[in-house]
Amino acid sequence: MSAEDGTLGGVPISVGTVLAKKYRVERLLGEGGTGIVVAASHVQLEQRVAIKVLRTALASDEIRLRFAREARAIEKIQSEHVVLVFDVGTLDDGSPFMVMEHLEGRDLARVLKEDGPLPVEDAIDCMLQLCEALGEAHAAGIVHRDLKPANLFLTRREDGGPHIKVVDFGISKILDAKLKEDGGPREVTSAFTVLGSPRYMAPEQLRNSKDVDGRADLWSVGAVLFQLVTGRHAFDAESNVQASIRVLGGEPESLRALAPHAPPELEAIVRRCLAKDVADRFQTAEELAKALRPFASKRTRESIDRMRQAKSTTVGIALAASSLSEPPPPPPAMPRDVPTSPRAFAPPAPPASGSGPASRSEPPMVASVQKAYARAPGAGMKIAIAAGGLVAVLVVFGVLTLAKGMAVRFGIVRSPEAEEPVLPAAQALPPQPAATARDPIVVPVASVVSAPGVVPLDAATRRP
């Protein structure tokens, strides 16, 4: 930083400068080959941010295009383990800048330099979070291509656990065509341009930086994990050229030879990440995360389970909402000989114009009938049909009853009452009067005895 010429890292800004009329520069955070990163605060909101500014002299058209695509790529990735981008703009001299969230902590390169290797659980926790970020990036069509400890920023959660943020997508390979709709070439990297750090680059990336996919990032995860656990490079060498030769044709160092406390299964996972053939590696970040999960801390495993459950719930709600917005599926097809609606009784449609026999226009009445049959009845129509049927039944019943009465009246048919048997008058039983109370009748015994045909009681009972 130079106070005399009013620059920070060779960029024409100084402490106190207000960028875009809202970000006040506070101090220099770091600098690289193509730009610097400064700490700033929002003038009105007092929110702390980090601003990445490209050097004007080194900002070629290719770098400017890559810088703009980096901002769009980061915005595209929805992960808490990817640095947030709030704003982009251009300085008065044409230097582009990017406003990002301000992070408190250190990148992993500084952690390794100052503290040495990480405990195995902490290293696994960091790589699991990196896998989560890569899963989102790859799903969005973005390959980072420059994963290394310097681009992994370590912060701390409220409970003290490690929290990784992936930064610097400047040389990322963008596979999503929508992110390239900026008038520039679909690939801003020449096939013969080597981008990245050779000690963390996959063999196919060393051969051709354009010919890579997400599995190149998984190679880098293995290389970073090896260094976090052992403090050494998996392909150690004195220069980048020698490291590239070892990556292309040599085998990695033994992890357990340098870190005997590491589980044997972990060395197997790292070796699979560093396989020369992409088909022999883990194929997705999720697959690698599943292999690493048993070696993570309990805190991280529980966090991963909660995130997966929340994600599955969100997906389930989204699917349910989409199913409600879609029309119901059509009913299963019925046999052709079983009509199910007035449409089935409709006369066949006339041949289309230009097909079959010469088409002719139907009379208006026929066309109306066909149109009526072709249209499915609504609820009102169904109620009207039911009411009409009931009225028709009642009318028919009344007509039949009237016709029967007329036929009986004129003797055409006999009524059921006339067919019942009638007893003769002589055989008819006289009506029985109601029983009434009477006085007892007294008949003289003499008159009863003297009556003809009456035998006296003593004579009837006298024995010979």
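None of these values were measured; they are calculated from a predicted model. (Residues numbered from 1 in each chain as written. Predicted model: local features only at pLDDT ≥ 70, side-chain atom pairs only at ≥ 80, totals over all residues. Heavy atoms only, no water.)

Peer 1: Looking at this model, I keep getting lost on the overall build of the protein. Mind explaining?
Peer 2: Each helix and strand counted, the protein has 14 helices and 11 strands in total. The 464 residues of the protein split such that 35% are buried. Residue pairs at least 24 apart in sequence account for 60% of intrachain contacts in the protein once pairs closer than 6 positions are excluded. Just so you have it, the protein exposes about 28500 Å², and 59% of that area is on carbon and sulfur atoms. (Helix = DSSP H or I, 4+ residues; strand = E, 2+ residues; numbered from the N terminus. Buried < 20%, exposed > 50% of the residue type's maximum accessible area, 1.4 Å probe, protein only. Contact = heavy atoms within 4.5 Å. Areas by Shrake-Rupley, 256 points an atom, 1.4 Å probe, with all protein chains shown as cover.)

Peer 1: Any chance you could explain helix 3 (residues 120-139) here in plain terms?
Peer 2: Because each turn of an α-helix spans 3.6 residues, side chains separated by three or four positions end up pointing in the same direction. Over its 20 residues, helix 3 extends 28 Å from the first C-alpha to the last, a length consistent with the 28 Å expected when each residue adds 1.5 Å. At the C-terminal side of helix 3, Gly141 shows a positive phi close to 85°. (Expected span 1.5 Å × (residues − 1).)

Peer 1: How do you make sense of the nonpolar core when you look at a structure like this?
Peer 2: Across soluble globular proteins, nonpolar side chains have a tendency to be buried as a group. In terms of nonpolar packing, the biggest core is built from 71 residues, with Ile124, Met127, Leu152, Leu225, Val229, Leu288 and Leu292 touching the most fellow members. At 11 residues, helix 3 tops the list of elements feeding residues into this core. In this structure, Leu19, Val49, Leu91 and Phe97 belong to the second largest nonpolar core, which totals 15 residues. (Core = buried A, V, L, I, M, F, W, Y, C linked by side-chain atoms within 4.5 Å.)

Peer 1: What am I meant to see in a nonpolar patch on the surface here?
Peer 2: On the surface, a cluster of nonpolar side chains totalling about 470 Å² of accessible area is made up of Leu402, Met406, Phe410 and Ile412. The residue Leu402 is located in helix 12 (residues 379-409) in this model. Using a relative accessible area of 60% as the deciding quantity, one classes Leu402 as exposed. (Patch = residues over 30% accessible without salt bridge, like charges linked within 9 Å, V, L, I, M, F, W, Y side chains within 5 Å. Salt bridge = Lys/Arg side-chain N within 4 Å of Asp/Glu carboxyl O.)

Peer 1: Any chance you could explain the packing of aromatic side chains here in plain terms?
Peer 2: Think of a pair of aromatic rings as described by two things: how far the centres are apart, and how the planes are tilted against each other in angle. In total, this model carries 1 aromatic pair according to the counting rule given. Aromatic side chains Trp219 and Phe235 sit 5.6 Å apart centroid to centroid with 10° between the ring planes, which places their arrangement in the stacked category. Placement of the pair is Trp219 in helix 5 (residues 214-230) and Phe235 in the loop between helix 5 and helix 6 (240-249), with a sequence separation of 16 residues. Pair check on accessibility: Trp219 and Phe235 agree, each one buried. The ring centre of Phe282 lies 4.1 Å from the NZ or CZ of Arg272, which sits over that ring. (Phe/Tyr/Trp six-rings, centres within 6.5 Å; stacked < 30°, edge-to-face > 60°. Lys NZ or Arg CZ within 6 Å of the ring centre and 35° of its normal.)

Peer 1: Help me understand the pattern of salt bridges in this model?
Peer 2: Where charged atoms of side chains with opposite charge meet at close range, the side chains can pair. Tallied over the entire structure, the rule returns 13 salt bridges. Between Arg48 and Glu26 there is a salt bridge; the shortest N-O distance is 3.4 Å. Taken as a pair, Arg48 in strand 4 (residues 48-54) and Glu26 in strand 2 (residues 23-31) lie far apart in primary sequence, 22 residues in all. For Arg48, a relative accessible area of 35% gives the class partly exposed. The closest approach of N and O atoms between Arg232 and Asp236, which form a salt bridge, is 3.5 Å. For Arg232, a relative accessible area of 38% gives the class partly exposed.

Peer 1: I'm lost on helix 8 (residues 264-273) in this one. Help?
Peer 2: All of the buried residues along helix 8 are Leu266, Glu267, Ile269, Val270 and Cys273. End-on view of helix 8: buried residues confined to an arc of 160°, all on one side of the axis. (Arc of directions from axis to C-beta.)

Peer 1: Explanation requested: the sheet that holds strand 7 (residues 106-107) in the structure shown.
Peer 2: Strand pairing in a sheet is mediated by backbone hydrogen bonds. Such pairs are either parallel or antiparallel. One open sheet accounts for 3 strands, arranged 7-9-10; its pairing is antiparallel. Each edge of the open sheet carries a strand with a single partner, namely strand 7 and strand 10 (162-166). Sheet analysis places strand 9 (residues 152-156) next to strand 10, joined by 5 bridges and oriented antiparallel. Residue Phe153 lies in a different strand from strand 10, and its bridge partner there is Lys165. In this fold helix 3 packs onto strand 9 and strand 10, with an angle of close to 40° to the strand it touches most, strand 10. (Pairing = 2+ DSSP bridges. Axes fitted to C-alpha atoms, helices over the stretch in contact; angles between N-to-C directions.)

Peer 1: Where do I start with the side chain of Thr155 in this structure?
Peer 2: Position of Thr155 among the secondary structure elements: in strand 9. Here Thr155 falls in the buried class, since its relative accessible area comes to 11%. Beyond its immediate stretch of four places on either side in the chain, Thr155 contacts Leu103, Glu104, Gly161, Pro162 and His163.

Peer 1: Got a minute to help me understand the packing of helix 8 against helix 9 (residues 285-292) in this structure?
Peer 2: Working note: a packed helix pair is described by the angle between its axes plus the distance between those axes. Where helix 8 meets helix 9, the axes come as close as 10 Å, and the angle between the chain directions of the two elements is 165°. The pairing of helix 8 with helix 9 is recorded here as roughly antiparallel in orientation. For the element pair helix 8 and helix 9, the recorded crossing hand is left-handed. Contact residues: helix 8 offers Leu266, Ile269, Arg272 and Cys273, while helix 9 offers Glu287, Leu288, Ala291 and Leu292. In terms of residue class, the contact of helix 8 with helix 9 is made up of 6 nonpolar, no polar and 2 charged. (Parallel < 35°, antiparallel > 145°, perpendicular 65-115°, else oblique. Left-handed = near helix turned anticlockwise from the far one by under 90°. Nonpolar A, V, L, I, M, F, W, Y, C, P; charged D, E, K, R; others polar.)

Peer 1: I tried to follow the environment of Asp92 on my own but got confused; where do I start?
Peer 2: Inspection of the secondary structure puts Asp92 in the loop between strand 5 (85-90) and strand 6 (96-101). Here Asp92 falls in the exposed class, since its relative accessible area comes to 86%. Sequence separation between Asp92 and Leu19 is 73 residues, and the spatial gap between their C-alpha atoms is 9.4 Å.

Peer 1: In this structure, what is going on with the sheet that holds strand 3 (residues 35-42)? I would like to understand it.
Peer 2: Taken in spatial order, the 6 strands of this open sheet run 1-2-3-4-6-5, and their pairing is antiparallel. Edge positions in the open sheet fall to strand 1 (18-19) and strand 5, since each of these has one partner strand only. Judged from the 7 bridges that link them, strand 2 and strand 3 form a sheet pairing that is antiparallel. Across the sheet, residue Gly30 finds its bridge partner in strand 3, namely Val37.

Peer 1: What is the right way to look at the side chain of Asp125 in this model?
Peer 2: With respect to the helices and strands, Asp125 occurs in helix 3. When near neighbours in sequence (up to four residues on either side) are disregarded, Asp125 contacts Pro162, Ala296, Ser297, Arg299 and Thr300.

Nothing here speaks to function; it is all geometry.
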